[in-house]
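Chain residues, written in single-letter form:
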Amino acid sequence: MSTRQSGLCAVMENEPIDSAVFRIAVAWEQDPPPKAGQFFLIKPKRSSVLLGRPISVARYDGRAVHFLIIRIGSGTQELAETREGEDIFMIGPLGNGWADFLPGVPKNGKPVALVSGGLGCAPLMCFTEELSRSFPSFHFYAGFPTASPRLTGMIAALSVPPQKLIVTTDDGTDGEQGFITAVLDAGDYAAVFSCGAPAMLKAVAAVCGKAGTACFVSTENRMACGVGACLGCTVKTIYGNKRCCADGPVFNAGEVIFA
Ligand SMILES: Cc1cc2nc3c(=O)[nH]c(=O)nc-3n(C[C@H](O)[C@H](O)[C@H](O)COP(=O)(O)OP(=O)(O)OC[C@H]3O[C@@H](n4cnc5c(N)ncnc54)[C@H](O)[C@@H]3O)c2cc1C
Ligand code: FES
C-alpha cells in the first residue's frame, strides 16, 4: 500500500544560501512523516513544467519539509522564484530511507562516515539525528566545487553535529584542495553513507569495496513519473535493473553496477 500523499502546500520560507542554492520550507503535516533519504516531487502550482522535480528532504521539523535546491533548469528556477504563501504541488514522501540500511552496519566500535559531493550534503544532514541514535560517533566529509560557507556552517550547526567535519574543495578555497575521496580512509569506518554525483559515488564505492567497508549510496537518476511506473530511472544492479524512485534512491553500493 502506498503511503505517499499529494497536494498543494504553502511555501513558508524561501531564502538564498549562495549564488545558485536556495532553501525552501514547505508546510507538510501529513502522515507518514518523511524519513531521511526520501524525496518529494515538487513544482509550483503555476508552472511551465509538466512533472514535479525530485528533491530530497534536507530537514523535517514536524510542520514543514525543508529542501536545499540548486538552480539547474526551468523546474528549479521556478521553485527559486516562489514566495512565502505561494502554493507548491507536492507528491511524497517517496522512496526508501538511509535508516533502512542501518541493520547492515556492523557494530565494530568504529564510527560511521557521511560523504557528500555538492548538494548531496542535504539528505545526509537530514540523517544525522536518526543515525546518532544507533551510531553516536560519526564524521561528515563534504566535498564542494568551491567554498560554500553557508552549507558548511549548516552542517557544523546541525542539532546533532558530526564529531569531525572534513571539507574539500575542487579549487582549494576551503579545506583541502581535491576530491573528497582522496581524504577518506574508508577502513576507519563501520560504514559509509554517500550522496553526490555519479562519478563521486562510483569512487566512494570503490574505496569502500577495497577496504571491505559497507557502503550505501543515494542515486539521483533523472526521473519522470517518480513513483515506479515508467521505468525511466533505471539503476543497474547485480540483481538486475531497479527503479531509483521506487526501489531506491538508497542502494547498497556493493549491489550497484556503476557506469
Ligand atoms: C532522488 C533525487 C533527489 C534529488 N535531490 C535533490 C536535492 O535535494 N536538491 C537539488 O537541488 N537537486 C536534487 N535532485 C536533482 C534535481 O531533481 C534536478 O536538478 C532537477 O530535476 C532539475 O530540474 P530542472 O527543471 O531545473 O532542470 P531540467 O531542465 O530538467 O534539466 C537541466 C539539466 O540537468 C540535467 N538533470 C536533470 N535532473 C538531473 C539529475 N537527477 N541528475 C543529473 N542531471 C540531471 C538534465 O539532463 C539537463 O541537462 C535530486 C534528484 C533525484 C533523482
Ligand atoms: S521515474 Fe518512473 S519508474 Fe522511476
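What counts as what
- Residues numbered from 1 in each chain as written.
- Chains lettered and ligands numbered in written order.
- Predicted model: local features only at pLDDT ≥ 70, side-chain atom pairs only at ≥ 80, totals over all residues.
- Heavy atoms only, no water.
- Near = heavy atom within 4 Å.
- Polar contact = N/O pair within 3.5 Å; in protein donor to acceptor, adjacent residues only side chain to side chain.
- Helix = DSSP H or I, 4+ residues; strand = E, 2+ residues; numbered from the N terminus.
- Disulfide = S-S within 2.5 Å.
- Buried < 20%, exposed > 50% of the residue type's maximum accessible area, 1.4 Å probe, protein only.
- Pairing = 2+ DSSP bridges.
- Contact = heavy atoms within 4.5 Å.
- Domains from an automatic or database assignment.
- Buried area = accessible area lost by both parts, 1.4 Å probe.
- Salt bridge = Lys/Arg side-chain N within 4 Å of Asp/Glu carboxyl O.
- Patch = residues over 30% accessible without salt bridge, like charges linked within 9 Å, V, L, I, M, F, W, Y side chains within 5 Å.
- Areas by Shrake-Rupley, 256 points an atom, 1.4 Å probe, with all protein chains shown as cover.
- Expected span 1.5 Å × (residues − 1).
- Core = buried A, V, L, I, M, F, W, Y, C linked by side-chain atoms within 4.5 Å.

Enquirer: Looking at this structure, how should I read the site of ligand 1?
Expert: Close to ligand 1 lie 18 residues; Arg53, Pro54, Gly73, Gly75 and Thr76 are nearest. Here an oxygen atom of ligand 1 and a backbone polar atom of Pro54 are 2.6 Å apart. Note that an oxygen atom of ligand 1 is positioned 2.8 Å from one of the backbone N or O atoms of Gly73. Where the shell around ligand 1 is concerned, the elements lending two or more residues are β4 (53-56), β6 (64-70) and α1 (74-80). Among the elements that take part in the shell around ligand 1, β4 stands out by supplying four residues, more than any other.

Enquirer: Please clarify how the state of the cysteines should be interpreted in this entry.
Expert: Should the sulfur atoms of two cysteines be covalently bonded, the bond is a disulfide. Following the criterion strictly, the structure yields zero disulfides and no others. Free cysteine Cys121: the closest other cysteine sulfur is in Cys195, separated by 8.8 Å. We classify Cys121 as buried; its relative accessible area is 0%. No disulfide involves Cys126; its sulfur sits 12 Å from the nearest other cysteine sulfur, which is in Cys195.

Enquirer: How do you make sense of the sheet that holds strand β2 (residues 21-27) when you look at a structure like this?
Expert: What holds strands together in a sheet is hydrogen bonding between their backbones, with the strands either parallel or antiparallel. If you trace the seven strands from one edge of the open sheet to the other, you get β4-β3-β7-β1-β2-β6-β5, paired in antiparallel fashion. A strand with exactly one partner marks an edge of an open sheet, and here the two such strands are β4 and β5 (59-60).

Enquirer: Please explain the environment of Ala36 as it appears in this structure.
Expert: Of note, Ala36 is situated in the loop between β2 and β3 (39-44). Residue Ala36 is classed as buried on the basis of its relative accessible area of 3%. Measuring from C-alpha to C-alpha, the distance between Ala36 and Pro93 comes to 9.9 Å, with 57 residues separating the pair along the chain. In this structure Ala36 touches Gly97, Trp98, Pro123, Cys126, Phe127 and Glu130, once residues within four positions along its chain are discounted.

Enquirer: So what exactly am I meant to see when it comes to the domain arrangement of the protein chain here?
Expert: Reports of interface size often rely on the accessible area that becomes lost once the parts have come together. When cut into domains, the protein chain gives domain 1 (5-94) and domain 2 (98-255). Taken residue by residue, the interface counts 21 residues in domain 1 and 21 residues in domain 2. Across the interface of domain 1 and domain 2, roughly 1,700 Å² is buried in total on both sides, 67% from carbon and sulfur atoms. When residues of domain 1 are sorted by the area they lose upon contact with domain 2, Ile17, Ala36 and Leu68 head the list and together hold 30% of the total. The tally of links from domain 1 across to domain 2 stands at two salt bridges. Among the salt bridges present, the one from Lys35 reaches Asp100, with a minimum N-O distance of 3.3 Å.

Enquirer: Even after reading the chapter, I still don't get a nonpolar patch on the surface, so can you show me in this structure?
Expert: Residues Ile238, Tyr239 and Ile257 make up a contiguous nonpolar surface patch of roughly 340 Å² in combined accessible area. Mapped onto the elements of the fold, Ile257 is located in the segment after β16 (250-252).

Enquirer: Could you clarify how one ought to interpret helix α4 (residues 198-211) in this entry?
Expert: Across its 14 residues, α4 extends 20 Å between first and last C-alpha, which sits within 8% of the 20 Å expected from 1.5 Å per residue. For α4, the elements touching its buried residues are β8 (112-117), β12 (191-195) and β13 (214-218). Following α4 by one or two positions, Gly212 has its phi on the positive side, about 70 degrees.

Enquirer: Would you take a moment to explain the nonpolar core for this structure?
Expert: The nonpolar side chains of soluble globular proteins are, as a tendency, buried together. Grouped together as the largest cluster of nonpolar side chains are 51 residues, with contacts concentrated most on Ile24, Ile42, Phe67, Met90, Val105, Leu114 and Phe193. Sort the elements by how many residues they give to this core and helix α2 (residues 121-134) lands first, with seven residues. Taken domain by domain, this core gets at least three of its residues from each of domain 1 (5-94) and domain 2 (98-255). In this structure Met90 touches Gln5, Ser6, Gly7, Cys9, Val26, Trp28, Phe40, Leu41, Ile42, Val65 and Phe67, once residues within four positions along its chain are discounted. By size, the runner-up hydrophobic cluster in this structure holds 26 residues, among which are Tyr189, Met200, Ala205 and Cys245.

Enquirer: Explanation requested: the pattern of salt bridges in the structure shown.
Expert: Side chains that carry opposite charge are capable of pairing whenever their charged atoms lie near each other. Scanning all chains against the criterion turns up five salt bridges. The network of salt bridges with shared partners includes Glu13, Glu15, Arg23 and Arg150.

Enquirer: When you look at the pairing of β6 in this model, what are you seeing that I'm missing?
Expert: Along any regular strand, the residues point their side chains to alternate faces of the sheet. Within β6, six of the seven residues are buried, which leaves the element mostly enclosed by the surrounding structure. By the bridge criterion, seven bridges tie β2 to β6 in an arrangement that is antiparallel. In the sheet register, Val21 faces β6, and the bridge partner there is Ile70. Note that β5 and β6 share two bridges and pair antiparallel. By the bridge assignment for β6, Tyr60 is matched with Val65. Between β5 and the antiparallel strand that follows it, β6, lie three residues; Gly62 among them carries a positive phi value of about 95 degrees.

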